[in-house]
Amino acid sequence: MKYFKISFISSLILLITAGLMNLQAQTQEYNIDGMTFGMPEAEVFTEDYDGPPVVGEYVTMLPNLKPLDYEGNKHHDIRLDTFTQEIEVADGVRFRAWTFGGMVPGPVIHVKEGDKITFTMKNRSDEMVTITKPGLDASDYLGQIAENNYMDAKPSIMPMPHSMDFHSGTVAKDDKWRTIAPGESIKFDWVANYPGTYIYHCGTPSVLMHTAMGQHGVVVVSPKDGYETDDRVDEEYVVVQSEYYLKKGSGDLYQYDFEGAQTNQPSHVVFNGHQTILHDQPLTANAGERVRIHFSNNGPSGTSSFHVIGAIFDRVWLEGHPFNEMRGMQTVLLGASSSATIDFIVPEEGKYTLIDHEFSDAEKGATGTLKAGPKQ
């Protein structure tokens, strides 16, 4: 009997110890230099969810950026489902895009340095998902699309495995960025340890194809202490450059051009997902105002030489980090997945052209307009 009691107690201690060790492995959060690392293991599960595909308090549609109206760190709950939509990317050019949230690029997520994000994504590529009607109060993004469905997005189905890779997250990719099948969901945490503007994209092979098919967007992580010119900024926008590799299909729709993608010969190079959107719906400001653009070259493969004709960039923070400051730049050279936060002063009333100064890209669509009114 005594031996039984000792054995039982020993087994109980081992079970408790194993449980504590497992708990510790699941919650190994630690801090270095004021930054937080060691997130719990991602959860992969199934759910009967057919609600709004985008949920989040500070989630918007390009070129909008919702101001952060809180002090200190915040815990964000963000949902960004992936599914197929038929969209227009140029006049007469439509294809079935793989999307995060229904548009290309996907939603702009705005957080602050040090914020924690609990992210949920369901692979709904086997569902017909409508983005212009349900759950308009779930995010500014869905409300903005309902008012401005510029790409004429329509539900479609193309079941495919997908994943999410946030460049703004510092986590183990084999855990958080894992691929999920149609009908599965994934949930994980990450902390915005570094300020800047960061691409997110699908990390499922072929990453080139998944990104070129539309699965990319940006996270803007505002510095906790801000930028030097914050109190002087009058207008603030987000602009994303990206490429499409498309060829005419057998029907009315275009399809992915494997050879064009492999040889880096894009059919279209665009700002904010469409060849003419920033001309038809130009950015606006007034003479004498300071404009800030969070610019990201999402690629997937090309470089960008971003320039605004008629302006000089007064401040440029490479990658959007406040320590990486440059001044008086005419053009910002950015490789694929690189970014910059750019301030410039509008000199006078008129139209200013946003352009990739690599003119072969400009002629494929990488241009836009800022329309400036008179000095107020």
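Look up: the structure comes first, before these words.
Here's a quick rundown of the structure. (Residues numbered from 1 in each chain as written. Predicted model: local features only at pLDDT ≥ 70, side-chain atom pairs only at ≥ 80, totals over all residues. Heavy atoms only, no water.)

**Here's the deal with the environment of C202**
Thinking step 1. For C202, the location among the structural elements is in the loop between β14 (196–201) and α4 (207–212).
Thinking step 2. Note on C202: relative accessible area 0%, which makes it buried.
Thinking step 3. Considering only alpha carbons, one finds C202 and D361, 159 residues apart in sequence, at a separation of 24 Å. (Helix = DSSP H or I, 4+ residues; strand = E, 2+ residues; numbered from the N terminus. Buried < 20%, exposed > 50% of the residue type's maximum accessible area, 1.4 Å probe, protein only.)

**Things to note about the nonpolar core**
Thinking step 1. I87, I109, F119 and F166 are the most contacted members of the largest nonpolar core, which totals 54 residues.
Thinking step 2. For this core, the element with the most residues is strand β8 (residues 93–100), which contributes five residues.
Thinking step 3. Ignoring sequence-local partners within four residues, the contact set of I87 consists of V93, R94, F95, A97, G102, V104, M151, A153 and Y244.
Thinking step 4. Core analysis: the next-biggest nonpolar cluster, separate from the first, contains 29 residues, I293, V316, L334 and F344 among them. (Core = buried A, V, L, I, M, F, W, Y, C linked by side-chain atoms within 4.5 Å. Contact = heavy atoms within 4.5 Å.)

**Focus: unusual backbone geometry**
Thinking step 1. Omega for the bond connecting L62 with P63 falls within 30 degrees of zero, at 5°, which places this linkage in the cis form.
Thinking step 2. If you trace the backbone, P63 turns up in the loop between β5 (59–60) and β6 (75–80).
Thinking step 3. In this chain, P205 is followed by S206 through a cis amide linkage whose omega measures -10°.
Thinking step 4. You can see S206 is positioned in the loop between β14 and α4.
Thinking step 5. Phi is positive for D152, close to 50°, though the residue is something other than glycine.
Thinking step 6. As for its position among the elements, D152 is in the loop between α2 (140–147) and β11 (154–155).
Thinking step 7. According to the relative accessible area criterion, D152 is partly exposed, its value standing at 33%.
Thinking step 8. Non-glycine residue N272 carries a positive phi angle of around 55°.
Thinking step 9. Within the secondary structure layout, N272 lies in the loop between β19 (268–271) and α6 (277–280).

**A look at the sheet that holds strand β21 (residues 290–299)**
Thinking step 1. One open sheet holds the six strands; their spatial order is β19-β16-β21-β26-β23-β24, and the pairing between them is mixed. Whereas interior strands pair on both sides, the edge strands pair on one side only; in this sheet they are β19 and β24 (325–329). Between one strand and the next, the sheet's axes are offset by a mean angle of 20°, whatever the strand orientation.
Thinking step 2. As paired strands, strand β23 (residues 313–318) and β24 are joined by four bridges and run antiparallel to one another. (Pairing = 2+ DSSP bridges. Axes fitted to C-alpha atoms, helices over the stretch in contact; angles between N-to-C directions.)

Everything listed is a geometric property; what it means functionally is a separate question.
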